[in-house]
There are 2 protein chains.
Amino acid sequence: MESNGALATEGIGSSALIFLGTGCSSAVPNAMCLIQPSDPPCRVCSQSLVLPPDQNPNYRCNTSLLIDYCQGDGKHNYILIDVGKNFREQVLRWFTFHKIPHLDSIILTHEHADAVLGLDDVRAVQPFSPTNDIDPTTVFLSQHSMESISEKFPYLIKKKLKEGQEVRRVAQFDWKIIEVSCEKPFVASGLQFIPLPVMHGEDYVSLGFLFGEKCKVAYVSDVSRFPTTTEYGRPQLESFVLVYLIYPIKVEY
Amino acid sequence: MESNGALATEGIGSSALIFLGTGCSSAVPNAMCLIQPSDPPCRVCSQSLVLPPDQNPNYRCNTSLLIDYCQGDGKHNYILIDVGKNFREQVLRWFTFHKIPHLDSIILTHEHADAVLGLDDVRAVQPFSPTNDIDPTTVFLSQHSMESISEKFPYLIKKKLKEGQEVRRVAQFDWKIIEVSCEKPFVASGLQFIPLPVMHGEDYVSLGFLFGEKCKVAYVSDVSRFPTTTEYGRPQLESFVLVYLIYPIKVEY
């Protein structure tokens, strides 16, 4: 099941990881197993709608991690890794369940649909303003992802309206380019992240991230092979908790 | 509530309309009403998660219509108008509920996120082939929508891989350009449609569609004003059932 455990706000002073999704790009269940079931039916997919998702290991959304980062002063910052196709469903289910009141920043691993197509829906967790006059949410992403998102979502990038163009309420972002290198850490909402470039197929680079203060966590969601520069590149990588996305739970760290 | 009534397949020989979604672009509930509730809380959104969506008028996905078109020979063709951000959720809920086994064609009203961002997930209702060697689903759309989708989803348009690029399983489409004119009907999966250009704001044209054999149905999902050329342009428009998206139900026609 995705994301169980106590309320994120119970442990004031402690940080937590909340897994919003742990499924593949097309998520689980596979619709074809339900609308054209085989004989016998697929056991995983036929069980996926039987129990509520929070009790069901066979219902999985696109991979996404919410880091509930508690700073020294007790203030909680909420940092999201990836905003995939199921983002709205994840908000309705897990933001309400864990009483997450807002989102402080976003980090993108890559620009495939299962990591970015929910960006349009981020307005759902931003304050309402018909003129879009709100504080933007910072998004950390590679130059390659930036270029792709500029094509996919031009209205989330351009601030100036063309002549005659009406204002439409859209999500507001502040885009920050990060380097695709283990040597170039960056800070999102007070927490340091080290990019971990990995191969996602042999023709595509995705990013994992190493972060954490009390202990190190490496979150790598889309990987087929670790390049040696990432696997052996930094001493920090010698001791970390690699998050496996099999039976994820809410983890305090 | 969205889409109730008997199974679409019960009435062999009859066509039906199945409303997969009747909500606004950000859908209902509004997440902010749940994660930062006002005092007193928003009545609509706080009720949205209390009852299951099929019994709940306060849970609404992006507007989308599935036409279950029964031809003279009793064969059912399934024609979808719009593939918005909630498409996968709509398939899991309503395709399974109404026992819809496949999708024959798609018609797009315009290229905003609430009408097209689910295109990536159409592979969920297409047969599986790791090499994408399957019959494509035909999509009818305006030239303007085609150009926008070519930017948003280049991998759903281009058939040839670049040198060194790996095959990834993606939805397969056959794109058909339609004219933005009441004078230019087209046929999708055996059923004739007349485009109804309407203003969606004063700076943007969206399409409604007039269709039906026993009686005419005009489906217009995104409209702020009817241009006179659409409202008075054709005799066919004098007598039709205008579908209001307030309390939609499964309608046999």
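Residues numbered from 1 in each chain as written. Chains lettered and ligands numbered in written order. Predicted model: local features only at pLDDT ≥ 70, side-chain atom pairs only at ≥ 80, totals over all residues. Heavy atoms only, no water.

Enquirer: Outline the overall build of chain A, supporting the account with residue identities and numerical values.
Expert: Counting its secondary structure elements, chain A contains 7 helices and 12 strands. Taking all 253 residues of chain A together, the buried fraction comes to 55%. Long-range contacts, defined as pairs at least 24 residues apart, comprise 70% of the intrachain contacts of chain A with a sequence gap of at least 6. Of the roughly 11,000 Å² of accessible surface on chain A, 55% is carried by carbon and sulfur atoms. (Helix = DSSP H or I, 4+ residues; strand = E, 2+ residues; numbered from the N terminus. Buried < 20%, exposed > 50% of the residue type's maximum accessible area, 1.4 Å probe, protein only. Contact = heavy atoms within 4.5 Å. Areas by Shrake-Rupley, 256 points an atom, 1.4 Å probe, with all protein chains shown as cover.)

Enquirer: Tell me about helix H5 (residues 143-152) of chain B, and name the residues and values.
Expert: What sets the pattern is the α-helix's 3.6 residues per turn: residues three or four places apart point alike. Within the span of H5(B), buried status applies to Ser145(B), Met146(B), Ser148(B), Ile149(B) and Lys152(B). Buried residues of H5(B), seen end-on, are gathered within an arc of 170° and therefore sit on one face of the element. Along its buried surface, H5(B) packs onto helix H5 (143-152) of chain A together with helix H4 (113-116), strand E5 (137-141), helix H6 (154-157) and strand E6 (173-177) of chain B. (Arc of directions from axis to C-beta.)

Enquirer: Give me the lowdown on the pairing of strand E1 (residues 16-21) of chain A, citing residues and values where you can.
Expert: Residues and elements named next belong to chain A. Within E1, 6 of the 6 residues are buried, which leaves it mostly tucked inside the rest of the structure. With 5 bridges connecting them, E1 and strand E2 (residues 64-70) associate as antiparallel partners. Paired with glycine 21 across the two strands is serine 64, which belongs to E2. (Pairing = 2+ DSSP bridges.)

Enquirer: Outline the relation of the copies chain A and chain B, supporting the account with residue identities and numerical values.
Expert: Note on the identical chains: chain A maps onto chain B by a rotation of 180° and an axial translation of 0.0 Å, with an RMSD of 0.0 Å. On this basis, the relationship between the two copies can be described by a two-fold rotation axis. Residue Lys152(A) of chain A places its C-alpha closer to the rotation axis than any other residue of that unit, at 2.0 Å. A shared interface surface links the copies, since 100% of the contact residues of chain A are contact residues in chain B too. (Least-squares fit on C-alpha atoms with pLDDT ≥ 70 in both.)

Enquirer: A description of the interface of chain A and chain B should follow, citing residues and the corresponding values.
Expert: The interface is formed by 48 residues belonging to chain A together with 48 residues belonging to chain B. Overall, the association of chain A and chain B removes approximately 3,600 Å² of surface from exposure, summing both partners, and the carbon and sulfur fraction of that is 52%. Where chain A meets chain B, there are 6 salt bridges. For Lys85(B), the salt bridge goes to Asp121(A), with nearest N and O atoms at 3.0 Å. At the level of secondary structure, the elements contributing two or more residues to the side of chain A that touches chain B comprise helix H1 (31-35), helix H3 (87-97) and H5 of chain A. Per element, the largest residue contribution to the side of chain A that touches chain B is 6 residues, and it comes from H3(A). (Buried area = accessible area lost by both parts, 1.4 Å probe. Salt bridge = Lys/Arg side-chain N within 4 Å of Asp/Glu carboxyl O.)

Enquirer: Break down the packing of aromatic side chains for me, citing the residues and quoting the values.
Expert: Overall, the coordinates contain 18 aromatic pairs over all chains when judged by the stated rule. Taking the centre distance of 6.1 Å and the plane angle of 80° together, the rings of Phe153(A) and Tyr155(A) count as edge-to-face. Residue classification places Phe153(A) among the buried positions, given a relative accessible area of 0%. Under the relative-accessibility criterion, Tyr155(A) is labelled partly exposed at 30%. Ring centres of Trp94(B) and Phe97(B) lie 5.7 Å apart, and the angle between their planes is 90°; this geometry places the pair in the edge-to-face category. Taken together, the residues Trp94(B) and Phe97(B), both in helix H3 (residues 87-97) and 3 residues apart, mark about one turn of the helix. Aromatic ring contacts, followed pair by pair, group Phe140(A), Phe186(A), Phe193(A), Phe209(A) and Phe211(A) into a single cluster. (Phe/Tyr/Trp six-rings, centres within 6.5 Å; stacked < 30°, edge-to-face > 60°.)

Enquirer: Residues and numbers for the confidence of the model for chain A, please.
Expert: Residues and elements named next belong to chain A. Residues with a pLDDT of 70 or more make up 88% of chain A, whose mean pLDDT is 87. Below pLDDT 50 for its whole length, residues 4-11 participates in 21 contacts with residues either more than four positions away or in separate chains. For the stretch residues 244-252, pLDDT sits under 50, and the model shows 33 contacts to residues farther than four places along the chain or on other chains. (pLDDT = per-residue confidence, 0-100.)

Enquirer: Please give an account of empty space enclosed by the protein that cites residues and values.
Expert: Here the structure, examined in full by the defined rule, presents 3 cavities of 30 Å³ or more. By volume, the largest cavity amounts to about 160 Å³. If you go around the largest cavity, you meet 14 residues; those closest to its centre are Lys85(A), Asn86(A), Phe87(A), Lys85(B) and Asn86(B). Put simply, the parts of the chain that give the lining of the largest cavity at least two residues each are H3 of chain A together with H3 of chain B. Here the lining of the largest cavity gets 3 residues from one element, more than from any other, and that element is H3(A). Broken down by class, the residue content of the lining of the largest cavity amounts to 3 nonpolar, 3 polar and 8 charged. (1 Å grid on protein atoms, 1.4 Å probe; cavity = no way out; pocket = protein on both sides within 12 Å on 5 of 7 lines; lining within 4 Å. Points joined across faces, edges and corners; volume = space filled by probe spheres on them. Nonpolar A, V, L, I, M, F, W, Y, C, P; charged D, E, K, R; others polar.)

Enquirer: Explain the pattern of salt bridges residue by residue, including any values.
Expert: By the definition in use, this model includes 16 salt bridges over all chains. Notably, a salt bridge pairs Arg93(B) with Glu89(B), separated by 3.0 Å at the nearest N-O pair. On the criterion of helical spacing, the pair formed by Arg93(B) and Glu89(B) is a turn pair, its members being 4 residues apart in helix H3. Take Arg93(B): its relative accessible area is 25%, and that puts it in the partly exposed class. By relative accessible area, Glu89(B) is classed as buried at 11%. In this structure, Glu111(B) and Lys152(B) form a salt bridge, with 3.3 Å as the shortest nitrogen-oxygen distance. Here Glu111(B), found in the loop between strand E4 (105-107) and H4, pairs with Lys152(B), found in helix H5; they are 41 residues apart in sequence, far enough to count as distant. Among the residues examined, Glu111(B) registers a relative accessible area of 9% and is labelled buried. Here the salt bridges share partners, and the residues they tie into one network are Lys85(A), Asp120(B), Asp121(B) and Arg123(B).

Enquirer: Now, about the UniProt feature "domain: Metallo-beta-lactamase" (unreviewed entry) in chain A: what can you tell me, with residues and values included?
Expert: The UniProt feature table records "domain: Metallo-beta-lactamase" (unreviewed entry) at residues 78-229 of chain A. Summarising residues 78-229 of chain A: 20% helix, 26% strand, and an end-to-end C-alpha distance of 30 Å. (UniProt positions renumbered as here; feature names shortened; annotations may be inferred.)

Enquirer: Give a description of the environment of Phe193(A) that names residues and reports values.
Expert: Residue and element names in this part refer to chain A. The topology assignment puts phenylalanine 193 in strand E8 (residues 191-199). Phenylalanine 193 gets classed as buried once you look at its relative accessible area, which sits at 0%. Sequence-wise, phenylalanine 193 and glycine 212 are 19 residues apart; in three dimensions their C-alpha atoms are separated by 8.0 Å. What phenylalanine 193 contacts, discounting residues up to four positions off in sequence, is Ile67, Ile79, Ile107, Pro185, Phe186, Ala188, Phe209, Leu210 and Phe211.

Enquirer: Tell me about the environment of Gly164(B), residues and numbers included.
Expert: In this structure, Gly164(B) sits in the loop between H6 and E6. Gly164(B) sits 44 residues away from Gly208(B) along the chain, and the two C-alpha atoms are 42 Å apart.

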